[in-house]
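Coordinate inspection notes
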Amino acid sequence: MAKDRILIVGMGGLGVPALWALARAGARRLTLVDPDPVELSNLARQVIYRDRDIGTPKVEAAARWLVERFPDVKVEPHSVALDESNAARLVGAHDFVIDATDSPVAKFLINDTCIVARTPFVYGGVVGMTGQAMTVIPGETACIRCVFETPPAEDEIQSCREAGIVGPVAGAIGEMQATEAMRASRAQTFSLSGKILTYDASGPSRVRITAVSPRPGCGCGASKQEHRESQAPGR
Ligand SMILES: [Zn+2]
């Protein structure tokens, strides 16, 4: 059976370009999760939303946009926040998850739920002119807790919110996340597993890819896996 059920959590600055790129690339089964309605301030950057969508849940406006243009796509909108009560069920029903949220708490919840469900996912984050993406293969490559250990403090989160996000940076990161999702559905090797891609739109060297190792002691178990492989005979 095709492993092509993709869950996108967040239908904002990252989720919208990811959705568009997935539809163009031929994705067939998409589930969208976001609790928020379309607001006037979304229209400039999140280009699939229109004036008439203001007040409508983002997932419903996005699903309508999608089926009008890509009638072959099966889309399931959920106008809810991903939380402890629904995360395991939603993640468990999919083959790949795109973290397009802007909340560190949600990012750690996606990480932890995907680790338990053994579902690969791609993290994405944008602050100001800088964006990052990393794919996590649970138990095999570094997870978000391997890299960051704990969610940032509330004042750090606040300063990130104030820095805002820049549309083209979010667009680039969202498209990269979509590419990783399509690799999952085609059983191709991920480009960003065990690596963090950083896209800096302010400086001259724009894209940097940094290898990240699993952190010993992280509950995701990827470090033990790496250890086992290095101990295996013939390696
Ligand atoms: Zn980890």
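That block above? That's the structure.
Presented here is an overview of the structure given in this document. Please read these numbers as outputs of a predicted model, since none were measured by experiment. (Residues numbered from 1 in each chain as written. Predicted model: local features only at pLDDT ≥ 70, side-chain atom pairs only at ≥ 80, totals over all residues. Heavy atoms only, no water.)

Things to note about the coordination of the zinc ion
Surrounding the zinc ion are the protein donor atoms Cys 143 (SG), Cys 146 (SG), Cys 218 (SG) and Cys 220 (SG), at 2.3 Å. Around the zinc ion sit 4 donor atoms, and with donor-metal-donor angles ranging over 103 to 119° the site reads as tetrahedral. Sequence spacing of the donor residues for the zinc ion, all on one chain, is C-x2-C-x71-C-x1-C. With Cys 146 in helix H5 (residues 144-148) and Cys 220 in the loop between strand E8 (207-211) and helix H8 (222-231), the pair connects residues that are 74 residues apart, well separated along the chain. Residue class for Cys 146 comes out buried when judged on its relative accessible area of 9%. (Donors = N, O, S within 2.8 Å, 3.2 Å for Na, K, Ca; no water. Tetrahedral: all angles 85-135°; square planar, octahedral: opposite > 155°, others 65-115°. Helix = DSSP H or I, 4+ residues; strand = E, 2+ residues; numbered from the N terminus. Buried < 20%, exposed > 50% of the residue type's maximum accessible area, 1.4 Å probe, protein only.)

Let's talk about helix H2 (residues 58-69)
Compared with an ideal rise of 1.5 Å per residue, which puts 12 residues at 16 Å, H2 spans 17 Å between its outermost C-alpha atoms and is within 8% of the ideal. For H2, the complete set of buried residues consists of Lys 58, Val 59, Ala 61, Ala 62, Ala 63, Trp 65 and Leu 66. (Expected span 1.5 Å × (residues − 1).)

A word on the packing of helix H1 (residues 15-25) against helix H7 (residues 167-185)
Viewed as axis vectors pointing N to C, H1 and H7 meet at an angle of 40°, and their least axial separation amounts to 7 Å. Judged on the interaxial angle alone, H7 and H1 are oblique. Every pair of crossing elements has a handedness; the one defined by H1 and H7 is right-handed. In contact with Pro 17, Ala 18, Ala 21, Leu 22, Arg 24 and Ala 25 of H1, H7 contributes Ala 170, Gly 171, Gly 174, Glu 175, Ala 178, Ala 181 and Met 182. (Axes fitted to C-alpha atoms, helices over the stretch in contact; angles between N-to-C directions. Parallel < 35°, antiparallel > 145°, perpendicular 65-115°, else oblique. Left-handed = near helix turned anticlockwise from the far one by under 90°. Contact = heavy atoms within 4.5 Å.)

Regarding the sheet that holds E8
Spatially, the 8 strands line up as an open sheet ordered E3-E2-E1-E4-E5-E6-E7-E8, and their pairing is mixed. Strands at the two margins of the open sheet, each flanked by one partner only, are strand E3 (74-78) and E8. In this sheet, adjacent strand axes meet at a mean angle of 15° when their direction is disregarded. Pairing of strand E4 (residues 96-99) with strand E5 (residues 121-127), which is carried by 2 bridges, proceeds in the parallel orientation. Pairing of Val 97 across the sheet is with Phe 121, part of E5. Packing of H1 onto the sheet brings it into contact with strand E1 (5-9), strand E2 (29-33) and E4, and relative to E1 it is tilted by some 160°. Contacts from H2 reach E2 and E3, with the element oriented near 170° to E3. (Pairing = 2+ DSSP bridges.)

Brief notes about the pattern of salt bridges
Inspection of the entire model under this criterion finds 9 salt bridges. Measuring nitrogen to oxygen at the nearest pair gives 3.1 Å for the salt bridge that ties Asp 99 to Lys 107. Residue Asp 99 shares its accessibility class with Lys 107, and that shared class is buried. Here the salt bridges share partners, and the residues they tie into one network are Arg 52, Asp 53 and Arg 64. (Salt bridge = Lys/Arg side-chain N within 4 Å of Asp/Glu carboxyl O.)

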